[in-house]
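# Observations on the three-dimensional arrangement
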Amino acid sequence: MNNTQSAILAPLTSHARYMLFTMEPETADLAASLRAVQDLVDGENIVLGLGQSVVLALGKTLPGMTVFPALVGPGFEVPSTQYALWFWLRGDDRGELYHRSRAIEHALAMDFRLQEVLDGFVYEDSRDLTGYIDGTENPKDDAAVSAAIVQGMGDGLDGSSFVAVQQWMHDLEYFEHMSEEDQDHIIGRRKSDNEELADAPESAHVKRTAQESFTPEAFILRRSMPWAEGNEAGLNFVAFGRSFDAYEAQLNRMVGSEDGVADGLFSFSRPVSGGYYWCPPMKDGLLDLSALDI
Ligand code: HEM
């Protein structure tokens, strides 16, 4: 897929830095700022997603583009904290990522303001900080492309992807006081050997989100990473799709909107952010913004 921001389909790097920007109320030259973005984003070390506000500010619409929905479930909120730009910086050196993020902030200073920064990392063999391996049931190879990448929609759209980004904050004190059996029932897999549990309760996370159990099937490509700042920690959930439909179907089932059963994850973790972004395709090594007439 040489027309895709290649990091979407690549393995995770050991570190990452996520940046969220809002657009200034009075932009100086939005098209010029987005051309500056084009010079920065190579799709491999820097991935970009555009929020709906940028698309609308350019007087455009994109098929399937929308904002993150705010949801509620029994005893918890799933907030929508939509921003204008989402950057995913990838690398193996935190210092270098930090300097790269400063360069991006400076390059966009005319029209975009940095609001949130989060550092992510790979823990052991791609585990969430609860100790469970995350990503086992991710689609692979052609199935990954079919799940995550827009195809058959024409130039400017083919090769793009829709990403859902949600920062979750864990209560690890609470989680670690549970027996390992109760923890396994929250996830629906055994921590010790990653086997799926035959007798998992309806609330088990992998039962809620079993991708082939939806109609139509709801496959997404997860590229989440743990985060830890001070004493707070959790998972920065990142999922790419050819639309937002599969992710949204899963999230709705997780909050219990189908049957009133909430995902066991909510017993120890809460989402504190949520945004939807469109990751433009690449063309001849450059970010292709032709769908936005740039
Ligand atoms: C606190 C946040 C979350 C944690 C710690 C977490 C962790 C996990 C773990 C450990 C697995 C099992 C291994 C695997 O297949 O990857 C899993 C599976 C999965 N998760 Fe999550 N997850 C979180 C949030 C979400 C969200 C918000 C969604 C989508 C709305 C989601 C969608 C999925 C899917 C689709 C699977 C694979 C299900 C299957 O087909 O077997 N996860 N997750």
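Per chain, the residues get numbers from 1 upward, laid out in the order the sequence is written. Predicted model: local features are reported for residues with pLDDT of at least 70 only, side-chain atom pairs are reported and counted for 80 or more only, and whole-chain, interface and lining totals are derived from all residues. Hydrogens and water are ignored here; the side-chain numbers use all heavy atoms of the structure.

### Here we look at the overall build of the protein
Counting its regular elements, the protein contains eight helices and 14 strands. Values of the radius of gyration come from C-alpha atoms, whereas the globule rule sets the reference at 2.2 Å times the count of residues to the power 0.38. Over its C-alpha trace the protein gives a radius of gyration of 19 Å, about what one expects of a compact globule, namely 19 Å for 294 residues. Summary of the burial criterion: residues with accessible area below 20% of their type's maximum are buried, those above 50% are exposed, and those between are partly exposed, where the area comes from a 1.4 Å probe applied to protein chains only. For the protein, buried positions account for 52% of its 294 residues. Contacts are assigned to residue pairs with any non-hydrogen atoms lying within 4.5 Å of each other. Pairs at least 24 apart in sequence give 77% of the contacts found in the protein among residues at least 6 apart. Counting from the N terminus, the helices are the DSSP runs of H or I reaching at least four residues and the strands are the DSSP runs of E reaching at least two.

### So, the site of the ligand
Around the ligand, the structure places 26 residues, and the nearest of them are Gly-135, Glu-137, His-205, Gln-211 and Arg-222. The cavity where the ligand resides is the largest pocket. With four residues, helix H8 (residues 245-254) is the largest single contributor of residues to the shell around the ligand. Residue classes in the shell around the ligand are distributed as twelve nonpolar, nine polar and five charged. Here a residue counts as near a molecule or strand whenever at least one of its heavy atoms sits within 4 Å of it. Using protein atoms alone on a 1 Å grid, points that fit a 1.4 Å probe yet trap it form a cavity, whereas open point sets bounded by protein on both sides within 12 Å along at least five of seven lines form a pocket; residues with an atom within 4 Å of a point count as lining. Cavities and pockets are treated as containing a molecule whenever more than half of the molecule's atoms lie within 2 Å of their grid points. Amino acid classes used here: Ala, Val, Leu, Ile, Met, Phe, Trp, Tyr, Cys and Pro are nonpolar; Asp, Glu, Lys and Arg are charged; the rest, including Gly, are polar.

### With respect to helix H3 (residues 94-107)
Expected span, for any helix, means 1.5 Å times one less than how many residues it has. Between its terminal C-alpha atoms H3 stretches 20 Å, which fits the 20 Å expected from 14 residues at 1.5 Å a residue. Among all positions in H3, only Leu-97, Arg-100, Ser-101 and Ile-104 are buried. One side of H3 carries all its buried residues, which in axial view fall inside an arc of 105°. Next to the buried residues of H3 lie strand E1 (15-23), helix H1 (30-40), strand E2 (46-50) and strand E5 (85-91). Throughout this description, a polar contact denotes any pair of N or O atoms lying within 3.5 Å of each other; where both atoms belong to protein, one of them has to be capable of donating a hydrogen while the other can accept it, and for residues adjacent in sequence the pair is counted only when both atoms sit in side chains. Between a side-chain oxygen at the N-terminus of H3 and the backbone nitrogen of Gly-95 the separation is 2.9 Å; the capping residue is Asp-93. Along the arc lie the directions from the helix axis toward the C-beta atoms.

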